[in-house]
Amino acid sequence: MGVTDVDFQNRIGIIGATSLVGASLLPLLTDAGWQVTAFSRRAMERLVDGVDWRIIRPHPLPKGEGAALLKDEGGIEWWVCVAPIWVLPNHFTLLEAQGARRVVVLSSTSRFTKDDSTDAEEQAVAQRLADAETQVREWAASRKVEYVILRPTLIYGLGQDKNLTEIARFICRFGFFPLFGQANGLRQPVHAVDVAKACLAAVRAPGAANREYNISGGEMLTYRNMVCRIFTALDRHPRLLSVPLWVFRLAVNVLRRLPRYRQWSVAMAERMNHDLVFDHGDATRDLDFLPRAFQLAPEDLPK
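Residues numbered from 1 in each chain as written. Predicted model: local features only at pLDDT ≥ 70, side-chain atom pairs only at ≥ 80, totals over all residues. Heavy atoms only, no water.

**Q** Please give an account of the overall build of the chain that cites residues and values.
**A** Across its full length, the chain carries 12 helices and 13 strands. Oriented by its inertia axes, the alpha-carbon framework of the chain measures out at about 65 × 40 × 35 Å. Here the chain holds 303 residues, and 50% of them are scored as buried. Long-range pairs, those at least 24 residues apart, make up 76% of the contacts in the chain with a sequence separation of at least 6. (Helix = DSSP H or I, 4+ residues; strand = E, 2+ residues; numbered from the N terminus. Buried < 20%, exposed > 50% of the residue type's maximum accessible area, 1.4 Å probe, protein only. Contact = heavy atoms within 4.5 Å.)

Below you can see the structure in the form of structure tokens.
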């Protein structure tokens, strides 16, 4: 039986489906009645009912192969990329072959908060994000494809993020957490499920075409208070140790030898006293984005 027009209109492709936001997005899509084709470089350990899985190579597909990947199954007009945004250009050929109409893609507010970092690697990440956003805009304009760029702040949730979960693991391992200065810089952690809901809303929101949104959490709190909340969620009394920057530098040099802390840097400590806040009013208006206050549930803690 061929694919009907209704089927075609309700099919959606997800790139980076095994990511944290991807895992949160898949059940939302299936519950909403979408026919989901999920693309990933590796197979999903736990399959989601109603999701058709495809392994995709990390490099661009040759012309003609993008259509062959879903031969005789009709095209896919709607796409969400929850892999790092710089991955998407490798799959432009696939989207073109499938007749993409709109693509929703995750970037990050790090493109603004790390562009003047004292760490060269962080500056490179910010530049990579900015360059990838430009590529998406230019490709979409040249192919008459609508795009929506979402920039989340500090994503957490499900015990799988690389932000607050790593702080929790540090606390569990060492029993304390180091802070630089007063650590009064403001933060707006956003839950992965709330980011996934924004992705879903952006797929067909009429006012979102060719727009970009900052996606921040529903509560603003200091870095110090954020860490205290993690202690409380772990059922531990907060033990915060204020240390000078030179101690952080020494500790980071040691910790970065461990794979789990490879991305830690002295610049992270410096930002503890910087406000990293973003207004999400446009997303509330166009996407009905109403993120939760910062609260770590048991399922958000390290497994």
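**Q** Lay out the packing of helix α7 (residues 164-174) against helix α9 (residues 223-233) in plain terms, naming residues and giving numbers.
**A** Running from amino to carboxyl end, α7 crosses α9 at an angle of 60°, the nearest separation of the two axes being 10 Å. Of the possible angle classes, the one that applies to α7 and α9 is oblique. As for how α7 packs across α9, the hand of that crossing is right-handed. When α7 is examined against α9, the residues L164, I167, A168 and I171 are found in contact with a partner set consisting of Y223, M226, V227, I230 and F231. When its residues are assigned to classes, the contact of α7 with α9 shows nine nonpolar, no polar and no charged. (Axes fitted to C-alpha atoms, helices over the stretch in contact; angles between N-to-C directions. Parallel < 35°, antiparallel > 145°, perpendicular 65-115°, else oblique. Left-handed = near helix turned anticlockwise from the far one by under 90°. Nonpolar A, V, L, I, M, F, W, Y, C, P; charged D, E, K, R; others polar.)

**Q** So what about the pattern of salt bridges? Which residues, and what values?
**A** In this structure the tally under the stated criterion is 17 salt bridges. Among the salt bridges present, the one from D52 reaches R54, with a minimum N-O distance of 2.9 Å. The exposure class of D52 is partly exposed, given its relative accessible area of 31%. The partner of R169 in a salt bridge is E166, and the shortest N-O contact between them spans 3.0 Å. Of this pair, R169 and E166 both sit in helix α7, separated by three residues, roughly a single helical turn. Note on R169: relative accessible area 24%, which makes it partly exposed. (Salt bridge = Lys/Arg side-chain N within 4 Å of Asp/Glu carboxyl O.)

**Q** Help me get a handle on the sheet that holds strand β5 (residues 102-106), residues and values and all.
**A** In spatial order, the strands read β3-β2-β1-β4-β5-β6-β11; together these seven strands make up an open sheet with parallel pairing. Taken across any chain shown, the strands that pair with only one partner, and hence form the sheet edges, are β3 (51-55) and β11 (211-215). The sheet shows a mean angle of 20° between the axes of neighbouring strands, direction not considered. (Pairing = 2+ DSSP bridges.)

**Q** If you had to explain the side chain of H280 to someone new, which residues and values would you point to?
**A** Note that H280 resides in the loop between α11 (266-270) and α12 (281-287). The class for H280 is buried, based on a relative accessible area of 17%. Side chain to side chain, H280 and S216 meet in a polar contact 2.7 Å long. Contact partners of H280, with chain neighbours within four places excluded, come to N214, S216, G217, F289 and P291. (Polar contact = N/O pair within 3.5 Å; in protein donor to acceptor, adjacent residues only side chain to side chain.)

**Q** Which residues make up the state of the cysteines, and what are the values?
**A** Per the stated rule, a full pass over the model turns up zero disulfides. You can see C172 has no disulfide; the closest cysteine sulfur is in C228, sitting 15 Å from it. With relative accessibility at 38%, the residue C172 sits in the partly exposed group. (Disulfide = S-S within 2.5 Å.)

**Q** Describe in detail the packing of helix α2 (residues 20-31) against helix α8 (residues 192-204), supporting the description with residues and values.
**A** Describing two packed helices takes the angle between their axes plus the distance from one axis to the other. Contact geometry of α2 with α8 gives a least axis separation of 8 Å together with a crossing angle of 55°. Viewed along their axes, α2 and α8 adopt a mutual orientation that is oblique. Relative to α8, the crossing made by α2 is right-handed. Every residue of α8 that contacts α2 at L20, V21, S24, L25, L28 and L29 is listed here: A192, V193, V195, A196, K197, C199 and L200.

**Q** Mind laying out the packing of aromatic side chains, listing which residues take part and the relevant values?
**A** The full count for this structure, using the stated rule, is eight aromatic pairs. Summarising the aromatic geometry, the rings of Y156 and F294 are spaced 5.0 Å apart at their centres and angled 80° between planes, so their arrangement reads as edge-to-face. Here the residue Y156 occupies a position in strand β7 (residues 155-156), and F294 occupies one in the segment after α12, the gap between them amounting to 138 residues. The burial state of Y156 is the same as that of F294; both residues are buried. Ring pairing ties together the aromatic residues F170, F174, F176 and F177, which thus form one cluster. (Phe/Tyr/Trp six-rings, centres within 6.5 Å; stacked < 30°, edge-to-face > 60°.)

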